[in-house]
Amino acid sequence: MRPVSDSPDGTLAWRHYRLDDGTDAQPLDELRIPLRTHVPQPHQPENWLIGQGRWELLNRQAGIVRPGALSLLERHLVSGPDLLGNKSNKVPFETLEEAPARASLALIAPSSLQWRITTSVRGRRQTRAVFTLSGQEYDLVVTDPLFEQRLSGLSIGYHTLTSAGVSAQQQVLLTVSLGEKFEVDNSYYKLAAAVIVLPR
């Protein structure tokens with residue numbers, strides 16, 4: 001499921017994911033979220049409209065992931081090489097017009113992950129994750145604000161995984177999501193929406 005707001009594109013603001021203890025929701029948090037109704041879209045079938053009230057923090061990982069949480073993550077890993085329906089970095093609008101997406105969220109354990117700093121078609125700085133999934137190479141925009149911040153001091157070009165303060169011994173998972181339609185080429189691009197660094 002993907003919690004969404006009632007804004008035109010469903011984007012969540014900080015006031016939505018501010019928790020009852022005053023902190024912001026983080027990857028691997030266990031939460032109780034008030035939901036109103038299922039609002040599937042052709043490109044995002046998992047969308048649920050959030051309800052009123054604060055999100056409640058049930059459990060936060062304190063340096064170690066519980067065994068039950070690890071097995072849950074492992075059961076939901078997408079092995080590839082296809083990612084959200086194909087081997088491309090995007091899904092054309094026509095494809096979803098013919099048949100809505102079966103999924104627009106995927107949890108993956110990428111291989112050979114590195115960061116690429118570049119500029120977007122609009123000339124803005126852009127952080128990207130370059131990796132392989134069962135031999136298929138992907139190059140996706142990173143929209144995780146924490147990792148965009150961590151990598152903000154890097155120069156244009158390719159950088160190692162450890163450039164983001166990640167130890168070579170730590171496992172990194174990515175939550176990949178289909179974004180909103182990019183009008184320039186009428187496609188939905190795949191995004192690295194969350195970078196999850198598993199505690200040792």
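About the cut-offs
- Residues numbered from 1 in each chain as written.
- Predicted model: local features only at pLDDT ≥ 70, side-chain atom pairs only at ≥ 80, totals over all residues.
- Heavy atoms only, no water.
- Helix = DSSP H or I, 4+ residues; strand = E, 2+ residues; numbered from the N terminus.
- Rg over C-alpha atoms; globule rule 2.2 N^0.38 Å.
- Buried < 20%, exposed > 50% of the residue type's maximum accessible area, 1.4 Å probe, protein only.
- Contact = heavy atoms within 4.5 Å.
- Areas by Shrake-Rupley, 256 points an atom, 1.4 Å probe, with all protein chains shown as cover.
- Lys, Arg positive; Asp, Glu negative; His and termini not counted.
- Charge placed at Lys NZ, Arg CZ, Asp CG, Glu CD.
- Pairing = 2+ DSSP bridges.
- Axes fitted to C-alpha atoms, helices over the stretch in contact; angles between N-to-C directions.
- Core = buried A, V, L, I, M, F, W, Y, C linked by side-chain atoms within 4.5 Å.
- Patch = residues over 30% accessible without salt bridge, like charges linked within 9 Å, V, L, I, M, F, W, Y side chains within 5 Å.
- Salt bridge = Lys/Arg side-chain N within 4 Å of Asp/Glu carboxyl O.

Helix and strand counts for the chain stand at four helices and 13 strands. Its C-alpha atoms give the chain a radius of gyration of 17 Å, within 12% of the compact-globule value 16 Å for 200 residues. Taken along its principal axes, the extent of the C-alpha atoms in the chain is 45 × 40 × 35 Å. In the chain, which comprises 200 residues, the share counted as buried stands at 36%. Nonlocal contacts in the chain, meaning residues at least 24 apart in sequence, comprise 64% of its contacts between residues at least 6 apart. For the chain, the accessible area works out to roughly 11300 Å², and carbon and sulfur atoms hold 52% of it. Side-chain charges in the chain split into 21 positive and 21 negative, and the spacing between the mean points of these groups amounts to 3 Å.

Attention now goes to unusual backbone geometry. Of note, the bond from Gly80 into Pro81 is cis; its omega dihedral lies within 30 degrees of zero at 5°. In this structure, Pro81 sits in the loop between α2 (67–75) and β6 (90–92). Backbone geometry places Ser134, a non-glycine residue, at a positive phi of 50°. Tracing the backbone shows Ser134 in the loop between β9 (125–133) and β10 (136–142).

Moving on: the sheet that holds strand β4 (residues 47–50). Strands sit in the order β1-β4-β3 across an open sheet of three strands; the sheet is mixed. Only two strands of the sheet have a single partner each, and these edge strands are β1 (2–4) and β3 (35–38). Direction aside, neighbouring strands of the sheet carry axes that sit 40° apart on average. Pairing geometry for β3 and β4, over three bridges, is antiparallel. Following the sheet pairing, Leu35 is matched in β4 by Ile50.

With that settled, consider the environment of Val172. Relative to the assigned elements, Val172 resides in strand β12 (residues 172–182). Remark: the alpha-carbon pair of Val172 and Leu113, spanning 59 residues in sequence, is separated by 8.6 Å. When near neighbours in sequence (up to four residues on either side) are disregarded, Val172 contacts Ile108, Ala109, Pro110, Leu113, Leu161, Val166, Val195, Ile196 and Val197.

Generally speaking, nonpolar side chains in soluble globular proteins are found buried as a group. Judged by nonpolar contacts, the single largest core of 29 residues is most densely connected at Leu83, Ile108, Trp115, Ala129, Phe131 and Leu174. Elements represented by at least two residues in this core include exactly β7 (105–108), β8 (111–119), β9, β10, β12 and β13 (187–197). Here the element with the most residues in this core is β12; it accounts for four residues. Once residues lying within four places of it in the same chain are set aside, the contact partners of Leu83 are Ala106, Ile108, Phe131, Leu133, Tyr138, Leu140, Val176 and Lys190. Leu73, Leu107, Leu173 and Leu198 belong to the second largest nonpolar core, which has eight residues in total.

Our focus in this paragraph is a nonpolar patch on the surface. Judged by side-chain polarity, Met1, Leu35 and Trp48 come together as a nonpolar surface patch covering roughly 280 Å² of accessible area. Its place among the elements puts Leu35 in strand β3.

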